[in-house]
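Survey of secondary and tertiary structure
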Amino acid sequence: MQKIKSLMARQGLKSPQESMADLSPVENLRIPSKEELRELREQPIDPQAEQEIIDSIEEVYFSNDSFDMVQHELEKLPPELNLQELEEYRDKLKRQQSAVSKKVADLILEKQPAYVKELERVTALQTNLQLAAVICTNARRQLSVAKEGFTEASLGLLANQRRRQLLTGLLKSLRTIKTLQRTDVRLSEMLEEEDYPGAIQLCLECQKAASTFKHYSCISELNSKLQDTLEQIEEQLDVALSKTCKHFDVLHYTKVQLAYKLLGKTQTAMDQLHMHFTQAIHNTVFQVVLGYVELCAGNADTKFQKMQYKDLCTHITLDSYIPCLTDLCKALWEVMLSYHCTMQWHEEHDKQENTPTPDDAAAAAESDELVVDRSYVKKKLEHGLTRIWQDVQLKVKAYILGTDMSNFKYDDFIVVLDVISRLMQVGEEFCGSKSEVLQESIKRQSINYFKNYHRARLEELRMFLENETWELCPVKSNFNIAQLHEFKFMGQCRSPSVSPSRQAVTSSTLAQEELSLFQQYLQEGNPFEMHIEHKEEETEDVLASNGYESDELEKSVYQDYDSDSDVPEELKQDYVDEQTGDAPLKSVSRETIRSKKKSDYNLNKTNAPILTNTTLNVIRLVGKYMQMMNILKPIAFDVIHCVSQLFDYYLYAVYTFFGRNDMYESSGLGLISSRLRTTLNRIQESLIDMEAVGENAGVHGPGEDRKEKVPSPHLSQLVVLTNSASLYGLAQRVVATESLVFLAEQFESLQSHLDTMMPAAKKPFLQQFYSQTVSTASELRKPIYWIVAAKAIDYEQMLLLMAGVKWDIREIMSQHNVYVDVLLKEFEQFNKRLGDVSRHVRIPLPVSNVLWEHCIRLANRTLVEGYANVKKCSNEGRALMQLDFQQFLMKLEKLTDLRPIPDKEFVETYIKAYYLTENDMEQFIKNHRVR
């Protein structure tokens, strides 16, 4: 390296650092000559060998510039020096030095052009730097001149202007802060005025302004105060929202909704609103019931206020039950009406806001948010309908089941049913609900009430029947069950589309029935205010004066008497045989019956229905039962079953009083049909308590079956059925039997209405009741009037008289026997007694026909029995028998219009049978069995 440095020193070369330090723009660089460089390569060496020499140099020589090679080599010398070794080592070092020098020289020569070029660039850079220094010097001199002449004056003015602007902004900020400090007073005024949107708008603007000046320390406290004020506004807004649950006001609700919209809490407002409606329902019903409980308790005991609503309902008294229920429904109606109005408001509001979507993105995003809010509100309101109605049902259910209604009066219970029915109609219009909760609860109470009520009515009916004297109840000739107050509801619910609870609506409001309840009572009124007010609007006018109509009406009865409109269809036929049911070939025309009609003993009375006070009572009961059934259809089957029991018991009582007689029932004349017999047996098994005796009825026998049964009634001691002058109580028998027939006719007229009320699965019961029970009422005429016919004529006397006649005569007689005159006299007396009875009770044509048929049939069979008792009889005697019978028929036809004469052929065939041969007689006996 020393050699290289010395070489560079000889050639005038310097290192790059030294060159840069000493470089001047005028200095010329001296480049080594080729001869000098060639000295370094005097001894040519093989490049590979040269590289090996260089590689043999120790690494320490290449470490750093501060390396002291002399010291290094001296330290390597051994303690004992060897001259030869030293010389060899010295030669080695020289060779290494020579190789390194040669390598350095080669590199210098190789890099010299680049070195020269770089030096030229450095020289050019130095020249440019000197020129820049001159330009900067000139600029500094000129800037100094400008500062002195312009900047100090002009920039001073600008600084003052800037300071003025800053102070102006500060003053404006201070005024804004002052205004913010005074906003709490204005906010309080706006809240008192219920201007919630304005208060929120002002508060939000103040918050925005406060955030602008938040760098002021006084603003942080103001910002906290504004946040507290906003929370206070939200609390008052929540209170204002809760007020709409009971009394909806459009302006008030519009303000509240706008306020929530400004807060961006439309969905939260809807959640809060539903919570308030739920709370309003609870508070309303609790306060109403609590008011009545405390009023009835009569003291200021506060224990009721701590009770649960369900327990509170059990303290309602019977007297305050209906008023409390009505007020309860009125209060709940107000809540539901408010909810209905709320939904209407939102529907109308949504229609108004359905404007075209704006183009700008911000407005579009806001519109999307509004759509989401409206969709949420709509779904929430629709879902809330069912929830609100469910809460209402549960509250009313607790009230209904909290009191035992089994001891309610009928009219009171009907009012309860009507109120609940109206409430269910409200529910159906409110949310389309079928009110299963209310139906189930009122059904439970109705069944419980109806069982007790029906049991009491059956006992009452038994008492009526046992005290009934079977006197005619005077009603007008045009009497119809629709005239009774209990059946007024039928005329008002002919159309099935009309709800039963609308039956109390007066005629002046019928035109509004097409409107829903919410439309009718949107502005004012309440659907639960009119139930008791119109209850007794019309009075009944069904009773006649002393049982007689006016002369004009009586005259019209005579004029219409030829009409056979009051004659049943089966009696309009010429004649129907009792045994076969077929009409015989020989018969009397209808004109003959209409021309005479002597057998109808009612020309001195109008054709008013025959019924008793007990019959009227049963009809009223049926009307009440149907009214209850019409209002509460779920218990329709139970009610109809009880209605059938009323008819069953009345029918059984009439049969027991007037038709049961073992001696005549065993006559074998088919007085009681198998259908009637089956019906009577069924009634006795299912309804009559045969174990109950006298006053102990119902005391013993705790079984449920005994509770459903009623003791058999006993005929009043005032009714005498053994007096021959009164034809053995014929008047009472007619009144009893025909009142039963009239009752059956009324049931027939109600069948279609009952059928519509009856559940489909239970309709076979109704059809069976009508086909096997109601239709058998007229069949009781036979056994009941048979007893009169059997006692009215002295058939035993006739048999004795016939036994005294000599029949084995040898010549044909022209004069009939005395027993015929005696028998005809008995019939004349019977006819006279019928006339006497008819002065008190109208005897309808079917009744007189049955009576005459029984009497004639018994007389004819008595004749056959008398003829059969004859021991000796000649052909002339048989002719005398025919003469007697023809005389009897001729006189009898003048007394009655009944055609053909019953059992006429029976007698004639029996008499003619004596003329038959033995073979014909055998066939005759086979064909004519004893009937």
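Residues numbered from 1 in each chain as written. Predicted model: local features only at pLDDT ≥ 70, side-chain atom pairs only at ≥ 80, totals over all residues. Heavy atoms only, no water.

**Considering the overall build of the protein chain**
Of regular secondary structure, the protein chain possesses 35 helices and two strands. Counting across all 931 residues of the protein chain, residues that qualify as buried make up 42%. Look at the contacts in the protein chain between residues 6 or more apart in sequence, and 81% of them connect residues 24 or more apart. Accessible surface, the protein chain: about 52200 Å² in total, of which carbon and sulfur atoms supply 52%. (Helix = DSSP H or I, 4+ residues; strand = E, 2+ residues; numbered from the N terminus. Buried < 20%, exposed > 50% of the residue type's maximum accessible area, 1.4 Å probe, protein only. Contact = heavy atoms within 4.5 Å. Areas by Shrake-Rupley, 256 points an atom, 1.4 Å probe, with all protein chains shown as cover.)

**What about helix α33 (residues 875–895)?**
Taking 1.5 Å of rise per residue, the 21 residues of α33 would be expected to cover 30 Å, and the 31 Å separating its terminal C-alpha atoms lies within 8% of that figure. Burial in α33 covers these residues: G877, R878, L880, M881, D884, F885, Q887, F888, L889, L892 and L895. Summarising the contacts, the buried residues of α33 are in contact with α31 (818–838), α32 (845–868) and α34 (904–912). (Expected span 1.5 Å × (residues − 1).)

**Quick look at the nonpolar core**
Membership of the largest hydrophobic core comes to 209 residues, with the highest contact counts inside it found for V289, Y321, Y399, F647, L730, F827 and F888. Sequence-distant contacts of F888, defined by excluding residues within four places in its chain, comprise V820, L823, L824, F827, A859, N860 and L863. (Core = buried A, V, L, I, M, F, W, Y, C linked by side-chain atoms within 4.5 Å.)

**What to know about the confidence of the model for the protein chain**
Chain-level statistics for the protein chain give a pLDDT mean of 78 and a share of 77% at 70 or above. Below pLDDT 50 for its whole length, residues 547–600 participates in 66 contacts with residues either more than four positions away or in separate chains. pLDDT under 50 marks residues 693–702. Its contacts with residues more than four places away, or in other chains, come to 10 contacts. (pLDDT = per-residue confidence, 0-100.)

**Comments concerning the packing of α33 against α34**
Between α33 and α34, whose axes approach to 10 Å, the crossing angle comes to 165°. Considered as vectors, α33 and α34 are oriented roughly antiparallel to each other. The two elements α33 and α34 meet at a crossing, and its hand is left-handed. Between α33, through R878, M881, Q882, F885, Q886 and L889, and α34, the contact on the second element is made entirely by K904, V907, E908, I911 and K912. Along the lines of polarity and charge, the residues of the contact of α33 with α34 split into five nonpolar, two polar and four charged. (Axes fitted to C-alpha atoms, helices over the stretch in contact; angles between N-to-C directions. Parallel < 35°, antiparallel > 145°, perpendicular 65-115°, else oblique. Left-handed = near helix turned anticlockwise from the far one by under 90°. Nonpolar A, V, L, I, M, F, W, Y, C, P; charged D, E, K, R; others polar.)

**Structural notes on the environment of S516**
For S516, the location among the structural elements is in the loop between α17 (488–492) and α18 (517–520). Owing to a relative accessible area of 22%, S516 belongs among the partly exposed residues under this scheme. Spatially, the C-alpha atoms of S516 and E429 are 7.1 Å apart, while their sequence positions differ by 87 residues.

**As for the packing of aromatic side chains**
The full count for this structure, using the stated rule, is 27 aromatic pairs. Pairing Y253 with W345 gives two aromatic rings, centres 5.0 Å apart and planes at 85°, and the pair type is edge-to-face. One end of the pair, Y253, is in helix α10 (residues 250–263); the other, W345, is in helix α13 (residues 318–353), and 92 residues separate them in sequence. When its relative accessible area of 0% is taken as the criterion, Y253 is described as buried. Ring pairing ties together the aromatic residues Y410, F413, Y449, F450, Y453 and Y625, which thus form one cluster. In this structure, K762 packs its charged tip against the face of F637, placed 4.6 Å from the ring centre. The ring of F906 is capped by R861, whose NZ or CZ atom sits 4.9 Å from the centre of that ring. (Phe/Tyr/Trp six-rings, centres within 6.5 Å; stacked < 30°, edge-to-face > 60°. Lys NZ or Arg CZ within 6 Å of the ring centre and 35° of its normal.)

**Topic: a nonpolar patch on the surface**
A contiguous nonpolar surface patch, about 450 Å² in accessible area, is contributed by M69, V70, L74, L77 and L81. Structurally, L74 can be placed in helix α5 (residues 69–76). (Patch = residues over 30% accessible without salt bridge, like charges linked within 9 Å, V, L, I, M, F, W, Y side chains within 5 Å. Salt bridge = Lys/Arg side-chain N within 4 Å of Asp/Glu carboxyl O.)

**Focus: the packing of α32 against α33**
Where α32 contacts α33, the two axes come as close as 12 Å, and the packing angle between them is 170°. Between α32 and α33, the angle falls in the class roughly antiparallel. The residues of α33 that touch α32, namely those facing W852, I856, A859, N860, L863 and Y867, are R878, M881, D884, F885, F888, L892 and L895. Residues of the contact of α32 with α33, tallied by class, amount to 10 nonpolar, one polar and two charged.

**Re unusual backbone geometry**
In this chain, R899 is followed by P900 through a cis amide linkage whose omega measures -10°. Tracing the chain through its elements places P900 in the loop between α33 and α34. Phi angles above zero are rare outside glycine, and Y728 is one such case at about 55°. Take Y728: it is sitting in the loop between β2 (710–711) and α27 (730–757).

**Digging into helix α29 (residues 781–792)**
Given a rise of 1.5 Å per residue, 12 residues ought to cover 16 Å, and the 16 Å separating the end C-alpha atoms of α29 matches this to within 8%. Most of α29 sits inside the fold, with 10 of its 12 residues counted as buried. Those residues of α29 that fall on the buried side of the exposure criterion are R781, P783, I784, Y785, W786, I787, V788, A789, A790 and A792.

**Some points on the pattern of salt bridges**
Tallied over the full model, the rule gives 22 salt bridges. When the shortest N-O distance is used, the salt bridge between K763 and D755 registers 3.7 Å. On the accessibility criterion, K763 (26% relative accessible area) is partly exposed. Beyond isolated ion pairs, a larger network of salt bridges with shared partners links R455, E459, R462 and E466.

**Section: the side chain of R781**
Looking at where R781 falls in the secondary structure, it is placed in helix α29. When sequence neighbours within four positions are dropped, the list of residues in contact with R781 reads T737, E738, V741, W786, P846, V847, V850 and H854.

**Some thoughts on the side chain of T244**
With respect to the element layout, T244 can be found in the loop between α9 (217–243) and α10. For T244, the side chain forms a polar contact with the main-chain oxygen of L241, separated by 2.6 Å. (Polar contact = N/O pair within 3.5 Å; in protein donor to acceptor, adjacent residues only side chain to side chain.)

**A short note on the environment of Q425**
Turning to its location among the elements, Q425 is positioned in helix α15 (residues 410–431). With 91 residues separating them in the primary sequence, Q425 and S516 have C-alpha atoms 9.5 Å apart.

**Focus on the state of the cysteines**
Within the structure shown, the criterion is met by zero disulfides. C324 takes part in no disulfide bond, and the closest cysteine sulfur, belonging to C313, lies 7.4 Å away. (Disulfide = S-S within 2.5 Å.)

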